[in-house]
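Descriptive structure summary
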Amino acid sequence: MSISSLRQSYDNAPSFDVADLAQCPFDQFHAWFKEAVDADIMEPNAMTLATVDYDGRPDARMVLLKDADPRGFTFYTNYESAKARQLGAHSEATLVFYWDKLFRQVRIRGAVTKVGRDEAQAYWQTRPVKSQLGAIASNQSQTIKDRGQLEAAFKAALDEHGLDNPIPLPDDWGGYRVIPSTIEFWQGQQSRLHDRLVYMRDAEGWQVKRLAP
Ligand SMILES: Cc1cc2nc3c(=O)[nH]c(=O)nc-3n(C[C@H](O)[C@H](O)[C@H](O)COP(=O)(O)O)c2cc1C
């Protein structure tokens, strides 16, 4: 198998009628997101989060979208993690979704703010208890000796909180919201003549432009 010989046919890509594009990019996002869910894509809310560190070097990793409304796109993480330190230095980020079965990509760029503590608290309470304990046990992005250290920290959190009592939201855990300035919808098409429609925010609202693929 040679990597360069891999070719994916786009013959079965869904048609994309620009006339059907919603006026509001959030409506468009929810329409495509629903189609991704209906297509049984695994973790359709998984997205790449790209950030820039203090030296201007890019970084990226996957996170899970937990909310999307006209305020922006929300994910949750550890506030002491590498990504959090990078967002502290540069409060701009890009999110990228790839929904393979639908030949679709969505790219969102914008400024990032922290989610309010009440909102983070409300989401924290919906998480399974073992996920809460896992979040408490992990000093995300710090070097650890071995897996045993992580498991011991999990056990210590379990001994402290148990499985039956509400666990308070840790100070170092919360959400970020990406407030989009551009949202691009990319639909793969035959002959690499893909459709790229980008919503750009200006003083009058959202303008839509088509970009060459
Ligand atoms: C599918 C998937 C979803 C993930 N979701 C999250 C998430 O929502 N929040 C999070 O902090 N890390 C998530 N991770 C782990 C991150 O990719 C990353 O390893 C971790 O956040 C540490 O990143 P950092 O050191 O750049 O801060 C996810 C990983 C995968 C593969």
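Preceding this paragraph is the structure being described.
Residue positions within a chain follow its written sequence, with the count starting from 1. Local features in a predicted model are, by the rule used here, given only for residues with pLDDT of at least 70; side-chain atom pairs are given and counted only at 80 or more, and totals for whole chains, interfaces and linings are based on all residues. To get the side-chain values, all heavy atoms of the structure are used, and hydrogens and water are removed first.

1. Side note on the pattern of salt bridges
A pair is scored as a salt bridge if a Lys or Arg side-chain nitrogen falls within 4 Å of a carboxyl oxygen belonging to Asp or Glu. Tallied over the entire structure, the rule returns 16 salt bridges. With its nearest N and O atoms 3.4 Å apart, the salt bridge here joins Arg71 to Glu119. Taken as a pair, Arg71 in the loop between β3 (67-69) and β4 (72-78) and Glu119 in helix α3 (residues 117-126) lie far apart in primary sequence, 48 residues in all. Take Arg71: its relative accessible area is 43%, and that puts it in the partly exposed class. Linked through salt bridges whose partners overlap, the residues forming this network are Asp67, Asp69, Arg71, Glu119 and Arg177. Working definition: helices are DSSP H or I runs of at least four residues, strands are E runs of at least two. Numbering for both runs from the N terminus. Only protein chains enter the area calculation, which uses a 1.4 Å probe; residues under 20% of their type maximum are buried, those over 50% are exposed, and those in between are partly exposed.

2. Looking at unusual backbone geometry
Residues other than glycine seldom take positive phi values, yet Ser141 does so here, at roughly 80 degrees. Summarising the element assignment, Ser141 is placed in the loop between α4 (129-137) and α5 (147-161). Residue Ser141 is classed as partly exposed on the basis of its relative accessible area of 44%. Non-glycine residue Arg192 carries a positive phi angle of around 60 degrees. With respect to the secondary-structure elements, Arg192 resides in the loop between β7 (173-187) and β8 (195-202).

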